[in-house]
Amino acid sequence: GQPAPTPRELLLKHWSEVGEKTVKMAEDFPEDKYEFKPNPAVRSCADNLRHGAFWNTFVAKNARGEKADGKQNELPKAQYATKAAVVKALEESLADATAQLKNGPANPSPKLLDLWVSFTEHAGEHYGQLVVYYRLNGLVPPASR
């Protein structure tokens, strides 16, 4: 049969799956609804996506062994104001992080395992949040069609 997948292959499967679903949502969500938020206390759709792109870059830097500061927490709205800019940032940040994982060790250290698992879970939380934004706008998320 098939050899058992390496830890890297398992991480890559789940990281890529949620990342690609989120990019699809970013591409698919109507630009005129990008600033939608269910209530004033939460992020808009665009803020959520800028937040995800920021943390993808944080993960990529950490995976490369670079210092990364998480204080900013999301890409600046002024610099990423349009749907096109947000989608591009999300795609590029996901590709960068995914490349680090693909080219990384087959058996990542506990520190790297923690990085990939915790941020895959983080991406999943925000994906789920965006599913609700879709439903509140009478839209069906790409993965549910």
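Residues numbered from 1 in each chain as written. Predicted model: local features only at pLDDT ≥ 70, side-chain atom pairs only at ≥ 80, totals over all residues. Heavy atoms only, no water.

Turning to the overall build of the protein chain, a few remarks are in order. Helix and strand counts for the protein chain come out as four helices and zero strands. Counting from the amino terminus, helix and strand elements in the protein chain follow one another as α-α-α-α. Taken over C-alpha atoms, the radius of gyration comes to 16 Å for the protein chain, in line with the 15 Å a tight globule of 145 residues would show. If you line up the protein chain on its principal axes, its C-alpha atoms span 45 × 40 × 25 Å. As displayed, the protein chain has an accessible area near 8,000 Å², and 56% of this comes from carbon and sulfur atoms. Across the protein chain, the centroid of the 19 positively charged side chains sits 1 Å from that of the 18 negatively charged ones. (Helix = DSSP H or I, 4+ residues; strand = E, 2+ residues; numbered from the N terminus. Rg over C-alpha atoms; globule rule 2.2 N^0.38 Å. Areas by Shrake-Rupley, 256 points an atom, 1.4 Å probe, with all protein chains shown as cover. Lys, Arg positive; Asp, Glu negative; His and termini not counted. Charge placed at Lys NZ, Arg CZ, Asp CG, Glu CD.)

Okay, the packing of aromatic side chains next. According to the stated counting rule, one finds eight aromatic pairs in the structure shown. Ring centres 5.7 Å apart and planes at 50 degrees place the aromatic pair phenylalanine 58 and phenylalanine 119 in the tilted group. With a gap of 61 residues between them, phenylalanine 58 in helix α2 (residues 45-63) and phenylalanine 119 in helix α4 (residues 110-136) connect regions that are remote in the sequence. For the pair formed by phenylalanine 58 and phenylalanine 119, the shared burial category is buried. A connected cluster of aromatic rings, assembled from ring pairs, spans Phe54, Trp55, Phe58 and Phe119. When the ring centre of tyrosine 127 is taken as origin, the NZ or CZ atom of lysine 21, which lies over that ring, is 4.4 Å away. (Phe/Tyr/Trp six-rings, centres within 6.5 Å; stacked < 30°, edge-to-face > 60°. Buried < 20%, exposed > 50% of the residue type's maximum accessible area, 1.4 Å probe, protein only. Lys NZ or Arg CZ within 6 Å of the ring centre and 35° of its normal.)

A full pass over the atoms with the stated rule returns nine salt bridges. As a salt-bridge pair, aspartate 96 and arginine 64 come within 2.7 Å of each other at their nearest N and O atoms. With aspartate 96 in helix α3 (residues 83-102) and arginine 64 in the loop between α2 and α3, this residue pair connects regions lying 32 residues apart in the sequence. By relative accessible area, aspartate 96 is classed as partly exposed at 24%. Classification of arginine 64 by relative accessible area gives partly exposed; the value is 35%. (Salt bridge = Lys/Arg side-chain N within 4 Å of Asp/Glu carboxyl O.)

Here we come to helix α1 (residues 7-28). Side chains that are three or four residues apart share a direction in an α-helix, a result of its 3.6 residues per turn. Between the first and last C-alpha of α1 there are 32 Å, a value that for 22 residues agrees with the 32 Å anticipated at 1.5 Å per step. Looking only at α1, the buried set comprises Leu11, Leu12, Trp15, Ser16, Val18, Gly19, Thr22, Val23, Met25 and Ala26. Summarising the contacts, the buried residues of α1 are in contact with α2, α3 and α4. (Expected span 1.5 Å × (residues − 1). Contact = heavy atoms within 4.5 Å.)

The next subject is the nonpolar core. Counting residues in each nonpolar core, the largest one holds 34 residues, and the members touching the most others are Trp15, Tyr34, Leu49, Val59, Trp116 and Phe119. Those elements that place two or more of their residues in this core are α1, α2, α3 and α4. The dominant element in this core, judged by the number of residues it contributes, is α2, at nine residues. Once you skip the residues sitting within four places of it in the chain, tryptophan 116 turns out to touch Leu11, Trp15, Val59, Ala63, Ala97, Gln100 and Leu101. (Core = buried A, V, L, I, M, F, W, Y, C linked by side-chain atoms within 4.5 Å.)

Time to look at the packing of α2 against α4. One can describe the packing of α2 onto α4 by two numbers: an axis separation of 11 Å at closest approach and a directional angle of 170 degrees. Between α2 and α4, the crossing angle belongs to the class labelled roughly antiparallel. Between α2 and α4, the contacting residues are Cys45, Asn48, Leu49, His51, Trp55, Phe58, Val59, Asn62 and Ala63 on the first element and Leu112, Leu115, Trp116, Phe119, His122, His126, Gln129, Leu130 and Tyr133 on the second. Of the residues assigned to the contact of α2 with α4, the class counts are twelve nonpolar, six polar and no charged. (Axes fitted to C-alpha atoms, helices over the stretch in contact; angles between N-to-C directions. Parallel < 35°, antiparallel > 145°, perpendicular 65-115°, else oblique. Nonpolar A, V, L, I, M, F, W, Y, C, P; charged D, E, K, R; others polar.)

This paragraph deals with empty space enclosed by the protein. Over the atoms, a rolling probe the size of a water molecule traces out where space has been left empty. Enumeration over the complete set of coordinates arrives at one cavity of 30 Å³ or more. The volume enclosed by the largest cavity comes to roughly 170 Å³. As for the largest cavity, its lining consists of 17 residues, and the residues nearest its centre are Thr22, Gly52, Asn56, Leu90 and Ala123. The set of elements that each furnish at least two residues to the lining of the largest cavity consists of α1, α2, α3 and α4. (1 Å grid on protein atoms, 1.4 Å probe; cavity = no way out; pocket = protein on both sides within 12 Å on 5 of 7 lines; lining within 4 Å. Points joined across faces, edges and corners; volume = space filled by probe spheres on them.)

Note that all results are geometric; they support no functional claim without further evidence.
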